[in-house]
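# Understanding the architecture of this molecule
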Amino acid sequence: MTLKGKVTARTCPYCGHHEIGIVTDNGTFFPLRPGLVVEIIQPDANGVPSSTTKSQGFSPQFADDMRAFEIWFPEPVKGFHRLIQKYGVFLPKGHQSAPMTPQGYEWAYREKIRILIEKEVSTPLPVILDRFFTAPHLASGDSKDMVKAMWEELEEVREPVRLVTAWLEDPSPNNTAKLLVPFSETDKNTEGNETEETIKELLASLSLEAFLELLR
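Residues numbered from 1 in each chain as written. Predicted model: local features only at pLDDT ≥ 70, side-chain atom pairs only at ≥ 80, totals over all residues. Heavy atoms only, no water.

What follows deals with the overall build of the protein. For the protein, the helix and strand inventory stands at 9 helices and 7 strands. Working note: accessible area of the protein is about 11700 Å², and carbon and sulfur atoms make up 51% of it. (Helix = DSSP H or I, 4+ residues; strand = E, 2+ residues; numbered from the N terminus. Areas by Shrake-Rupley, 256 points an atom, 1.4 Å probe, with all protein chains shown as cover.)

Listed below in structure tokens is the structure:
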């Protein structure tokens, strides 16, 4: 995605916090987020820039070189693409060899949300949080602040970690079935075995809005 416009400051109409962003020629405001790649063009002698500010979008480090990371998701959800996107997380290489712990999963899950927040450039974050949770006020501060606020205030955000934790501590049929909701074993994808790259792509292509939709 490429944006062209002028850098400006405004007070967010949804939550009142101060933010810096780009206003396009048609008046649309896009907030600048950590991780955005921008090109600043110096004006010429007449004070006119040779071109406008350009945003190339954010590519998190793990998406730039996915081979440097491993993926983890609960084994029962293999074959369910939506559940892989919901529960799947990226881990630094070498971590997958150690058994997953509830604490390790919570950290990786929260880091996944942070990356999705920083990856979002097309829709203002207060709009997204208002759409899904009627909570635009949570879109304040940096990405870590937002994850903390969402974690503390939204049960829907904590629920996947609660389900995975219960399964890690007791992989019983009952806890496995809860992981698969709203699916069952008969709904499993039968188009062939997913490769590691296919599953990485499922996660790397995930947007914040698509992820929040999975939490409903």
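In terms of nonpolar packing, the biggest core is built from 49 residues, with Tyr105, Tyr109, Met150, Val157 and Leu212 touching the most fellow members. Counting residues per element, this core draws most heavily on helix α3 (residues 102–119), at 6 residues. Ignoring any residue separated from it by four or fewer positions in sequence, one finds Tyr105 in contact with Trp72, Tyr87, Val89, Met100, Pro160, Val161 and Val164. (Core = buried A, V, L, I, M, F, W, Y, C linked by side-chain atoms within 4.5 Å. Buried < 20%, exposed > 50% of the residue type's maximum accessible area, 1.4 Å probe, protein only. Contact = heavy atoms within 4.5 Å.)

Fine structural detail should not be taken from predicted coordinates in areas where pLDDT scores are low. Taken residue by residue, the protein gives an average pLDDT of 79. The fraction at 70 or more is 70%. Segment residues 44–64: pLDDT under 50, and 47 contacts once partners within four positions in sequence are set aside and those in other chains are kept. (pLDDT = per-residue confidence, 0-100.)

In contact at an axis separation of 9 Å, helix α6 (residues 155–169) and helix α7 (residues 173–180) are set at 155° when each is read in the N-to-C sense. On the basis of their axis angle, the class for α6 and α7 is roughly antiparallel. Two packed elements cross with a definite hand, and for α6 against α7 that hand is left-handed. From α6, Leu163, Val164, Ala166 and Trp167 reach across to α7, where they touch Asn175, Thr176, Lys178 and Leu179. A class-by-class count of the residues in the contact of α6 with α7 yields 5 nonpolar, 2 polar and 1 charged. (Axes fitted to C-alpha atoms, helices over the stretch in contact; angles between N-to-C directions. Parallel < 35°, antiparallel > 145°, perpendicular 65-115°, else oblique. Left-handed = near helix turned anticlockwise from the far one by under 90°. Nonpolar A, V, L, I, M, F, W, Y, C, P; charged D, E, K, R; others polar.)

This paragraph deals with the packing of aromatic side chains. In total, this model carries 6 aromatic pairs according to the counting rule given. Joined through ring pairs, the aromatic side chains of Trp72, Tyr105, Tyr109, Trp151 and Phe211 make up one cluster. (Phe/Tyr/Trp six-rings, centres within 6.5 Å; stacked < 30°, edge-to-face > 60°.)

What follows concerns the pattern of salt bridges. Per the counting criterion, the structure on display carries 8 salt bridges. Note that Arg114 and Glu118 form a salt bridge whose closest N and O atoms lie 3.0 Å from each other. Taken together, the residues Arg114 and Glu118, both in helix α3 and 4 residues apart, mark about one turn of the helix. Taken as a pair, Arg114 and Glu118 share a single burial class, namely buried. Several salt bridges converge on common partners, so that one network encompasses Glu111, Arg114 and Glu118. (Salt bridge = Lys/Arg side-chain N within 4 Å of Asp/Glu carboxyl O.)

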